[in-house]
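# Overview (structure and organization)
Chain residues, written in single-letter form:
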Amino acid sequence: MSFLSIIDILGTFAFAVSGAFSAMEKKLDPFGVIILSFVTAIGGGTLRDVLIGDTPVAWLRNGTTTIVIIVAAIGTMLFGKYLKRFTSTLFLFDAFGLGLFTLIGVEKGLELQLSPGICVALGTITGSFGGVTRDVLLNNVPLVFRKEIYASVSILGGVLYLFLLQVDMLSHLATIISILFIVVFRIIVVRYKLALPKFY
Amino acid sequence: MSFLSIIDILGTFAFAVSGAFSAMEKKLDPFGVIILSFVTAIGGGTLRDVLIGDTPVAWLRNGTTTIVIIVAAIGTMLFGKYLKRFTSTLFLFDAFGLGLFTLIGVEKGLELQLSPGICVALGTITGSFGGVTRDVLLNNVPLVFRKEIYASVSILGGVLYLFLLQVDMLSHLATIISILFIVVFRIIVVRYKLALPKFY
Amino acid sequence: MSFLSIIDILGTFAFAVSGAFSAMEKKLDPFGVIILSFVTAIGGGTLRDVLIGDTPVAWLRNGTTTIVIIVAAIGTMLFGKYLKRFTSTLFLFDAFGLGLFTLIGVEKGLELQLSPGICVALGTITGSFGGVTRDVLLNNVPLVFRKEIYASVSILGGVLYLFLLQVDMLSHLATIISILFIVVFRIIVVRYKLALPKFY
């Protein structure tokens, strides 16, 4: 199992747990909790694959994803109280997930030889659309549009990656640096409660 | 016209009527009522086809579906009061629709040689996502996540179908048994107001 | 640059501005405003392309769209107060956008040799689904289902276009007449506050 697929699983797990917590707050039944976990974890990659026409979409072809999500959802329902103690661990998983999912999205765009701006957009969609779907299904205005900087970190990480490739850095190294950039930036944002200024 | 396509039309009709009733409750205009009927009836199959990449999606290729839905929506607006008397008839259509749509979804997964869990997921998406879209458009938390067992019945019906195929039952017979299982289970659930236990 | 692509850009611009205004009313952050502009402007064409399987969807292949939208969103945030004075100009852009997007959708259906009713449906989806997505993300019941006639104008425009083609009018002339029909009809609807009668 490669380094990337391990982080992929951790990211999927973290996103699934976050979906399960949101669903439990809204008093959904266990089936609803599992679906929300699912949607949060696969929403971004699914929208990306549908937009570029890479179907059947990824999770239909990869059984591991489904198993990880169901384990995460049931685990959260059973041990939710204990997991809350590990908020900072979960936050790290989520940040890694955002980083990795962003890079996977950018890579997919490059494979299709789409323009740089579009590649970055695909990265951001992959990283943040799962959370948007979660919030829409739970009847909230999507968090990513309102609170602390989230998607913007993903955008900057994607731009950094394209820049590093441009200056002929090895693709492998550029990937790791960009993921770390996103993770560290997210930690700084959350620690110092950074938000985009509203200039209107 | 085959047996299955007749039930397909009845299921489409029932889902369309349920969408129209929901839209009328929220005081939408007649156009809104038709769209909600449409979305409720074709939402599940559309998401399934988009996810597996079987496009143009089914209702774009089959004019009958559109006609059935428009007739159902206009009929509900004109005769809504009388239809309410037939609630139990409508509920039966809906249950048959859920059964058939679930089986169609599972079958599509098998054709694509996807894994069993994914086939069941496609069945559940086909059977229940129309109602989810209806609720999201009307700004409700999707009913399927909150109330009496619905999607879980579809999951169990899908699993039963795969099991019957596994023990070498004729595909045709397995289909009928699984649809009846879903219909009967739904009747029991609604009569006895069964809900999933919340163990968190 | 052709006549149609100029109107396309104006329509995209107008839809993007309307998305930005809606987002600013709901106090989204600048990133949220840009995303809402984006979704409003490309939502209809994206759903159409996904349903018919014409992927990667249009805006992934056409960088101009993205630039126009970002300019529109940032411009609205900076100069929103001044733009409000030009409400009637914006309304005209929006009406032209609706007309053009409708015609593009119908044309796509004809290319795929889909049935007339389906072609009209694709036109209406292209013209009005961006606004639906905007409203769903902002947690409103979609405006198009509730207020003054909007999607119905698009439907009638699509039907008119198919009729004009049927009587052997030149495709180019039929396009212009149908767009003008939609624009003029929208002006009449808004000036006289026309709404569909609720006959239930």
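Note that the structure is a prediction, hence the values are computed from the model and not measured. (Residues numbered from 1 in each chain as written. Chains lettered and ligands numbered in written order. Predicted model: local features only at pLDDT ≥ 70, side-chain atom pairs only at ≥ 80, totals over all residues. Heavy atoms only, no water.)

### Some thoughts on the interface of chain B and chain C
In this assembly, 24 residues from chain B lie in contact with 28 residues from chain C. Taken over both partners, the interface formed by chain B and chain C buries close to 2200 Å², and the fraction arising from carbon and sulfur atoms is 73%. Joining chain B to chain C, the criterion identifies two residue pairs in polar contact (both at pLDDT 80 or more). For the side of chain B that touches chain C, the elements supplying multiple residues, two or more each, are α2 (30-52), α3 (58-61), α4 (63-85) and α6 (116-137) of chain B. In terms of residue count, α2(B) provides more of the side of chain B that touches chain C than any other element does, eight residues in total. (Contact = heavy atoms within 4.5 Å. Buried area = accessible area lost by both parts, 1.4 Å probe. Polar contact = N/O pair within 3.5 Å; in protein donor to acceptor, adjacent residues only side chain to side chain. Helix = DSSP H or I, 4+ residues; strand = E, 2+ residues; numbered from the N terminus.)

### Observations concerning the side chain of Thr46(A)
With respect to the helices and strands, Thr46(A) occurs in helix α2 (residues 30-52). Among the polar contacts listed, one links the side chain of Thr46(A) to the backbone oxygen of Ile42(A), at a separation of 2.7 Å. If near-sequence neighbours (up to four positions away) are discounted, Thr46(A) is found in contact with Val57(A), Trp59(A) and Leu51(B).

### Focus: the relation of the copies chain B and chain A
In screw terms, the move from chain B to chain A is a rotation of 120° and a rise of 0.0 Å along the axis, fitting with an RMSD of 0.0 Å. Such a turn and shift between the copies fits a three-fold axis. (Least-squares fit on C-alpha atoms with pLDDT ≥ 70 in both.)

### Thoughts on the relation of the copies chain B and chain C
Once chain B has been moved 0.0 Å along the axis and rotated by 120°, it coincides with chain C to within an RMSD of 0.0 Å. Counting the interface residues of chain B, we find that no more than 12% of their copies in chain C are interface residues as well, pointing to two distinct contact surfaces.

### Looking at helix α7 (residues 151-166) of chain B
Residues and elements named next belong to chain B. Look at α7: 23 Å from first C-alpha to last across 16 residues, which is about the 22 Å you get at 1.5 Å a residue. Listed as buried for α7 are Ala151, Ser152, Val153, Ser154, Gly157, Gly158, Tyr161, Leu162 and Leu164. Taken from the residues just after α7, aspartate 168 is the one with a positive phi, measuring 70°. (Expected span 1.5 Å × (residues − 1). Buried < 20%, exposed > 50% of the residue type's maximum accessible area, 1.4 Å probe, protein only.)

### Here's the deal with the interface of chain B and chain A
Facing the 28 residues of chain B at the interface are 24 residues of chain A. Between chain B and chain A lies a buried interface of about 2200 Å² when both sides are counted; carbon and sulfur atoms form 74% of it. The tally of links between chain B and chain A comes to zero salt bridges. Across the chain B-chain A interface, the total number found is two residue pairs in polar contact (both at pLDDT 80 or more). When contributions to the side of chain B that touches chain A are tallied by element, the ones reaching two or more residues are α2, α6 and α7 of chain B. A total of seven residues in the side of chain B that touches chain A trace back to one element, the largest contributor, which is α6(B). Of the residues belonging to the side of chain B that touches chain A, the class tally is 20 nonpolar, five polar and three charged. (Salt bridge = Lys/Arg side-chain N within 4 Å of Asp/Glu carboxyl O. Nonpolar A, V, L, I, M, F, W, Y, C, P; charged D, E, K, R; others polar.)

### Some details on the packing of helix α7 (residues 151-166) of chain C against helix α8 (residues 171-191) of chain C
All names here are of chain C. Look at α7 against α8: their axes get within 9 Å of each other, and the N-to-C directions meet at 155°. Considering their axes alone, α7 and α8 lie roughly antiparallel with respect to each other. Classified by chirality, the crossing of α8 by α7 is right-handed. Each of Val153, Ser154, Leu156, Gly157, Leu160, Tyr161, Leu164 and Leu165 in α7 lies in contact with α8, whose residues at this interface are Ser171, Ala174, Thr175, Ile177, Ser178, Phe181, Ile182, Phe185, Arg186 and Val189. In terms of residue class, the contact of α7 with α8 is built from twelve nonpolar, five polar and one charged. (Axes fitted to C-alpha atoms, helices over the stretch in contact; angles between N-to-C directions. Parallel < 35°, antiparallel > 145°, perpendicular 65-115°, else oblique. Left-handed = near helix turned anticlockwise from the far one by under 90°.)

### Focus on the UniProt feature "transmembrane region" (unreviewed entry) in chain A
All names here are of chain A. Here, the residues flagged by UniProt with the feature "transmembrane region" (unreviewed entry) are residues 6-24, 31-47, 59-79, 86-106, 112-137, 149-167 and 173-192. Overall, residues 31-47 shows 100% helix and 0% strand. The separation of its end C-alpha atoms is 22 Å. In the segment residues 173-192, helix accounts for 95% and strand for 0%; the C-alpha atoms at its two ends are 28 Å apart. (UniProt positions renumbered as here; feature names shortened; annotations may be inferred.)

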